[in-house]
Protein chains: 2
Amino acid sequence: MTMTTNRTAAPRIDLPRLLGRIAALAQVGAIDGGGVSRLALTDEDGLGRDLVVRWMRELGLVVSIDAIGNVVGVRRGREDLAPVMTGSHIDTVRTGGRYDGNLGVLAGLEVMAALNDAGVATRRPLAVAFFTNEEGARFAPDMMGSLVFQGDLPLQQALDTKGIDGSTVGENLRRIGYAGTHPVGTNQLHAFVELHVEQGPVLEHEGVTIGAVTGVQGIHWTEFTVEGTSNHAGTTPMRLRHDAGLVAARIACFARDLTRELGGGQLATVGHVKLSPNLVNVIPNLAVFTLDLRNTDETVLAEAVRRTFDFAHELARAEGVKLSYRSLADFAPVAFDNQIIGRVETIARRHGHSVQRIASGAGHDAQILARMCPAGMIFVPSVGGLSHNVAEFTNDRDIEAGASVLLDLLLELAEQ
Amino acid sequence: MTMTTNRTAAPRIDLPRLLGRIAALAQVGAIDGGGVSRLALTDEDGLGRDLVVRWMRELGLVVSIDAIGNVVGVRRGREDLAPVMTGSHIDTVRTGGRYDGNLGVLAGLEVMAALNDAGVATRRPLAVAFFTNEEGARFAPDMMGSLVFQGDLPLQQALDTKGIDGSTVGENLRRIGYAGTHPVGTNQLHAFVELHVEQGPVLEHEGVTIGAVTGVQGIHWTEFTVEGTSNHAGTTPMRLRHDAGLVAARIACFARDLTRELGGGQLATVGHVKLSPNLVNVIPNLAVFTLDLRNTDETVLAEAVRRTFDFAHELARAEGVKLSYRSLADFAPVAFDNQIIGRVETIARRHGHSVQRIASGAGHDAQILARMCPAGMIFVPSVGGLSHNVAEFTNDRDIEAGASVLLDLLLELAEQ
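Quick caveat: nothing in here was measured; it's all calculated off a predicted structure.

1. Focus: the overall build of chain A
Along chain A, the regular secondary structure elements total 12 helices and 18 strands. Relative to the globule expectation of 22 Å for 416 residues, the C-alpha radius of gyration of chain A, 24 Å, shows essentially globular dimensions. By its C-alpha atoms, chain A is 90 × 45 × 40 Å across when sized along the principal axes. In chain A, 80% of the contacts between residues at least 6 apart in sequence involve partners at least 24 apart. Of the roughly 15,300 Å² that chain A leaves accessible, carbon and sulfur atoms contribute 49%. When the 37 positive and 48 negative side-chain charges of chain A are each reduced to one mean point, those points stand 0 Å apart.

2. Looking at the pattern of salt bridges
Residue and element names in this part refer to chain B. Inspection of every chain in the model, using the stated rule, returns 47 salt bridges over all chains. For aspartate 152, the salt bridge is made with arginine 371, and the minimal N-O distance between the two is 2.6 Å. One end of the pair, aspartate 152, is in the loop between helix H4 (144–150) and helix H5 (155–159); the other, arginine 371, is in the loop between helix H11 (365–369) and strand E18 (375–380), and 219 residues separate them in sequence. Of the residues examined, aspartate 152 reaches a relative accessible area of 48% and is grouped as partly exposed. A relative accessible area of 46% places arginine 371 in the partly exposed class. Beyond isolated ion pairs, a larger network of salt bridges with shared partners links Asp14, Arg17, Arg21, Glu110 and Asp117.

3. Considering the nonpolar core
By size, the foremost hydrophobic cluster in this structure holds 96 residues, and its most contacted members are Val52, Met56, Met85, Leu109, Ile210, Phe336 and Ile378 of chain A. Element by element, the count of residues in this core is highest for helix H12 (residues 396–415) of chain A, at 11 residues. Every residue in contact with methionine 56 of chain A, bar those within four places of it in the chain, is listed here: Leu61, Val63, Val71, Gly73, Leu109, Val128 and Phe130 of chain A. The next biggest cluster of nonpolar side chains, apart from the first, holds 95 residues, and it includes Val28, Ile90, Val216 and Phe336 of chain B.

4. Thoughts on the side chain of serine 404 of chain B
Counting through the fold element by element, serine 404 of chain B comes out in helix H12 (residues 396–415). Not counting residues up to four positions away in its chain, the partners in contact with serine 404 of chain B are Ile13 and His351 of chain B.

5. Description of the environment of phenylalanine 379 of chain B
Residues and elements named next belong to chain B. For phenylalanine 379, the position within the fold is in strand E18. Overall, phenylalanine 379 belongs to the buried group, its relative accessible area being 1%. Sequence separation between phenylalanine 379 and valine 72 is 307 residues, and the spatial gap between their C-alpha atoms is 22 Å. Beyond its immediate sequence surroundings of up to four residues, phenylalanine 379 is in contact with His196, Val197, Glu198, Leu203, Thr209, Ile210, Gly211, Val213, Ile358, Ala359, Ser360 and His364.

6. Considerations on the domain arrangement of chain A
Per the domain assignment, the segments making up chain A are domain 1 (15–216 + 334–415) and domain 2 (218–331). Placing a centre on the C-alpha atoms of domain 1 of chain A and another on those of domain 2 of chain A gives a separation of 37 Å.

7. A short note on the pairing of strand E12 (residues 273–276) of chain B
Residues and elements named next belong to chain B. On E12, burial follows the alternation: Val273 and Leu275 on one face are buried, whereas Lys274 and Ser276 on the facing-out side are not. Here E12 pairs with strand E14 (residues 286–295) via four bridges, running antiparallel. From the neighbouring strand, valine 273 faces E14, where its bridge partner is phenylalanine 289.

8. Concerning the side chain of asparagine 278 of chain B
Position of asparagine 278 of chain B relative to the elements: it lies in the loop between E12 and strand E13 (282–283). A distance of 2.9 Å separates the side chain of asparagine 278 of chain B from the backbone nitrogen of valine 273 of chain A, its partner in a polar contact. Discounting residues that sit within four places of it in the chain, asparagine 278 of chain B has contacts with Gly271, His272 and Val273 of chain A.

9. With respect to the packing of aromatic side chains
Overall, the coordinates contain 16 aromatic pairs over all chains when judged by the stated rule. Centroid distance phenylalanine 224 of chain A to phenylalanine 289 of chain A: 5.1 Å. Interplanar angle 15°. Geometry classified as stacked. One end of the pair, phenylalanine 224 of chain A, is in strand E9 (residues 218–227); the other, phenylalanine 289 of chain A, is in strand E14 (residues 286–295), with 65 residues separating them in the sequence. Here the two residues phenylalanine 224 of chain A and phenylalanine 289 of chain A agree in accessibility, since each one is buried. Here the aromatic rings of tyrosine 99 of chain B and phenylalanine 393 of chain B are separated by 5.9 Å at their centres, their planes lie at 85°, and the arrangement is edge-to-face. Taken together, the residues span a long stretch of sequence, with tyrosine 99 of chain B in the loop between strand E5 (84–88) and helix H3 (102–118) and phenylalanine 393 of chain B in the loop between E18 and H12 at a distance of 294 residues. By relative accessible area, tyrosine 99 of chain B is classed as buried at 6%. The class for phenylalanine 393 of chain B is partly exposed, based on a relative accessible area of 34%. Through a chain of ring-to-ring contacts, three or more aromatic side chains come together here, namely Phe224, Phe289, Phe309 and Tyr325 of chain A. Here arginine 21 of chain A stacks its cationic end above the ring of tryptophan 55 of chain A, 5.5 Å away from the centre of that ring.

10. Considerations on the relation of the copies chain A and chain B
Between chain A and chain B, the superposition needs a rotation of 179° and an axial shift of 0.0 Å, giving an RMSD of 0.2 Å. Each copy turns onto its partner about a two-fold axis. Rotation axis and chain A: the residue whose C-alpha lies nearest the axis is alanine 249 of chain A, separated from it by 2.2 Å.

About the thresholds
- Note on numbering: residues in each chain are counted from 1, in written sequence order.
- The naming scheme follows written order: chains are lettered A onward, ligands numbered 1 onward.
- In view of the model being predicted, local features appear only for residues whose pLDDT reaches at least 70, and side-chain atom pairs are presented and counted only at 80 or more, with totals across whole chains, interfaces and linings using the full set of residues.
- Processing note: side-chain calculations cover all non-hydrogen atoms of the structure and skip hydrogens and water entirely.
- To qualify as a helix, a DSSP run of H or I must reach at least 4 residues; to qualify as a strand, a run of E must reach at least 2; elements of each kind are numbered from the N terminus.
- Taken over C-alpha atoms, the radius of gyration is set against a globule rule of 2.2 Å times the number of residues to the power 0.38.
- Whether two residues are in contact is decided by their heavy atoms, any of which lying within 4.5 Å being enough.
- We get accessible surface area from the Shrake-Rupley algorithm with a probe of 1.4 Å; when it comes to residues, only the shown protein chains can shield them.
- In this charge count, Lys and Arg are treated as positive and Asp and Glu as negative; neither His nor the chain ends contribute.
- Taken as the charge centre is NZ of Lys, CZ of Arg, CG of Asp or CD of Glu, depending on the residue.
- The term salt bridge refers to a pairing of a side-chain nitrogen on Lys or Arg with a carboxyl oxygen on Asp or Glu at a separation within 4 Å.
- A simple rule labels every residue: compare its accessible area, found with a 1.4 Å probe on the protein chains alone, to the largest value its type can have, and call it buried under 20%, exposed over 50%, or partly exposed in between.
- Side-chain atoms within 4.5 Å link the members of a nonpolar core, which is a set of buried Ala, Val, Leu, Ile, Met, Phe, Trp, Tyr and Cys residues.
- Where a domain begins and ends is set by an automatic assignment or by a domain database.
- Strands are treated as partners if at least two bridges between them are detected by DSSP.
- Whenever a nitrogen or oxygen atom comes within 3.5 Å of another N or O atom, the pair is scored as a polar contact, on the condition that within protein one atom can donate a hydrogen and the other can accept it, and that pairs from neighbouring residues in sequence are kept only if both atoms are in side chains.
- Each Phe, Tyr or Trp ring (for Trp, its six-membered ring) is paired with any other whose centre lies within 6.5 Å, and the angle between the two planes then decides the class: stacked below 30 degrees, edge-to-face above 60, tilted in between.
- Comment: the charge-over-ring label is applied if NZ (Lys) or CZ (Arg) is within 6 Å of the ring centre and within 35 degrees of the ring normal.
- The superposition of copies rests on a least-squares fit of C-alpha positions from residues with pLDDT of 70 or more in both.

Have a look at this one:
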């Protein structure tokens, strides 16, 4: 790394260089349709890691690999203070796109490159990280690497986790050479910022370039089981029915109607329904279905949960069916740092970009890092809202805008 | 057959004899749980037929077997007039009960036996029939034998019908020895009456012994296909959704609510639902579901169909999904003969039984016979409403009541 004290120009993002790295990384585990398949800790993930680590070293970063395989590249600051970190993940789902996670890591590297080119020395060190197994598509839970990094998931528990193929995280880390020696959980961070594709349709639909992410929604997943009575659809009067399928349908409708009453931030989805015996002329005696409720506002989310359950119980009594349920997921909402949210807005406007506050519907490493330091995220639009899909795409000009906002934000935070 | 002109007593049902025949026939194709498996034209059906034909001949009936395998046993009358016929079917579904169909045939034989015992000669001949393949569980359509007998299904088409195992009706009739020589469609009938178990819960629920069947409901089955857009349940705002599953749920709720508005006779069932991709956190892009609408009143049924379709189209437009559908079944309601309905009520009351008018939700041979002569049915209660089930059961005293009403009804009709 070369640092000069004579700046030659203000640092700026070199879009072709960034796009070149995105394209090069997408070649590792490339699949038909322009997508990528690099499940966590597979050989493909290992090769992708090797490539990014090589780039980190070429940029003069000091690379450390911890015991759960998180990789951090640090660019020294003028003072030996807690660093400002950016980053994301480079593992993908089985049929993923090239932007999810990768953009955040590679834009971080591009910021380092831009600072190098401009000869900028920041007050605080800057770090770029990629965390192990963010997707959770091979090993549960998702966001595993950041959870161990932050401290809420014990290292040994993570290492012992068996994946969908029966092998453990620890075995696979050793196999691909990423069972690092750096201790986990020792890092003090000044702040954490993550650039990511939105993975939803909102920014594109609103015609907005930059999302100042306010937080990550709370998630409440329930699987309901309704047990009624199977009977002949032609011989059973309506008043004598105990129709499990109807109860499922009414709860789905209630949840949708409730989102309208509670306002724009409340989401409700019934994505899975299974009826039994599932025949045209038999009243269903069994319905198993899921309800996915999300909100950034913990109080409203709790109200949505309570009211849906109240409705479900009352309905089950009226229809004469048995209702049971189990929780599939229950995460409280995460609020990002207000100062960082405000800075994202200010910087985006200064760059002439449209910007709006937006909540993340999906989980991200930044929500875990938010437990240990001020954290925030920058979103750029996903064309058609597509993600976890080989057709995932974000326009070049939006990538440039997002990376430029990230650059300025990191510069500001690093001077604090 | 012995006929005397000196009656020794009024004819009456011998319950043990009738129950004995029901039990004996249930041994043919008996399956675990007390049920019966005699799919149409299998070896088991053949053995069942042999047993019933033997009983017919023992009772002195003149047995004829027509080209579709319908079997008719005739007891001569005092005059050579069009006969009064009773009967049903002896084929069952794969895991059926011992009463469905069988009761109507064996109660008919018991009536003949009672008349023989009492030495009663009726004015018109009396006939007991069992019709081929009423269930339709092996060969479509159901009510095949009565349809050929009545004339709406051409004989050759029925004989050429391939079953679920690929063999034809004709082949199987020859194999089991029931490709008869009697011509079909030549019979003139004065009336047709069928005793049957209700196959639904109404009579038991109302505490009523005898159902005076007013007709068979019209049936309108539709398979709907809703095509929406699959998207992330966490990142897609409610206002931007095109949720195929929700549309299916709303139509199911609408149909149920409509039955309340249209009144007691309207039935609506959504028995089959299939969502795609059917995942907890993905908005369904495809829903395929069935709607079963039934009513004895053709006008109200048509209104139910029209209003459901109107609602579905409007909803699809509002949600931004594509709606398509195909008809799976569409049968107009059948009304039984008013005089016969009234006589069932009168006779039941005379016997001291509770009686109520009831519509049949299931299809029966009597509805086909109703196209060629005055026809009616007598229902007796099904415990728990169960049918097409090895646990199908009707109490002995209800069997006696039903058979006794049948006896008196046949006697009255035979004197006309």
